[in-house]
Amino acid sequence: MSMGLLRIEQDGQVAWGTTGSRPGYTSGVFATRDLSRKVVYSVNPTGLLGAETPYAGRLLVTSFGLTR
């Protein structure tokens, strides 16, 4: 089942996860299908309108050993 999950694929690696927000925080949970790699993050953005998105993206790229 993948209903409601985000699928991120790059360089043959696939990660599944979800993100969420509440006032003052943005968070996410991602893992590979076999759970060999997992990442959980929560950031307190200082800007508005998704300013934290590039940082969360870099965290995922680094955690899953992907290259850009």
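Everything below is about the structure printed above this text.
Calculation rules
- Residues numbered from 1 in each chain as written.
- Predicted model: local features only at pLDDT ≥ 70, side-chain atom pairs only at ≥ 80, totals over all residues.
- Heavy atoms only, no water.
- Core = buried A, V, L, I, M, F, W, Y, C linked by side-chain atoms within 4.5 Å.
- Buried < 20%, exposed > 50% of the residue type's maximum accessible area, 1.4 Å probe, protein only.
- Helix = DSSP H or I, 4+ residues; strand = E, 2+ residues; numbered from the N terminus.
- Contact = heavy atoms within 4.5 Å.
- Salt bridge = Lys/Arg side-chain N within 4 Å of Asp/Glu carboxyl O.
- Polar contact = N/O pair within 3.5 Å; in protein donor to acceptor, adjacent residues only side chain to side chain.

Core analysis: the largest hydrophobic core is formed by seven residues, namely A15, F30, V39, Y41, A56, L60 and F64. Contributing elements (two or more residues each) for this core: β4 (38-43) and α1 (53-63). Leave out the neighbours within four places in its chain, and F30 touches L6, I8, W16, G17, T18, T19, R37, K38, V39, Y41, L60 and F64.

Here the focus is the pattern of salt bridges. For the coordinates displayed, the defined rule picks out one salt bridge. The salt bridge involving R7 is made with E9; its shortest N-O contact spans 2.9 Å. A relative accessible area of 48% places E9 in the partly exposed class.

So, about the environment of T32. Tracing the backbone through its elements, the reader meets T32 in strand β3 (residues 25-32). On the accessibility criterion, T32 (8% relative accessible area) is buried. Sequence separation between T32 and Q13 is 19 residues, and the spatial gap between their C-alpha atoms is 8.0 Å. Ignoring sequence-local partners within four residues, the contact set of T32 consists of Q13, V14, R37 and F64. A polar side-chain atom of T32 sits 3.2 Å from the main-chain amide nitrogen of S36.

Right, let's talk about unusual backbone geometry for a bit. Despite not being glycine, L35 shows a phi value in the positive range, around 60°. Mapped onto the elements of the fold, L35 is located in the loop between β3 and β4.

Read these as spatial facts, not as claims about activity.
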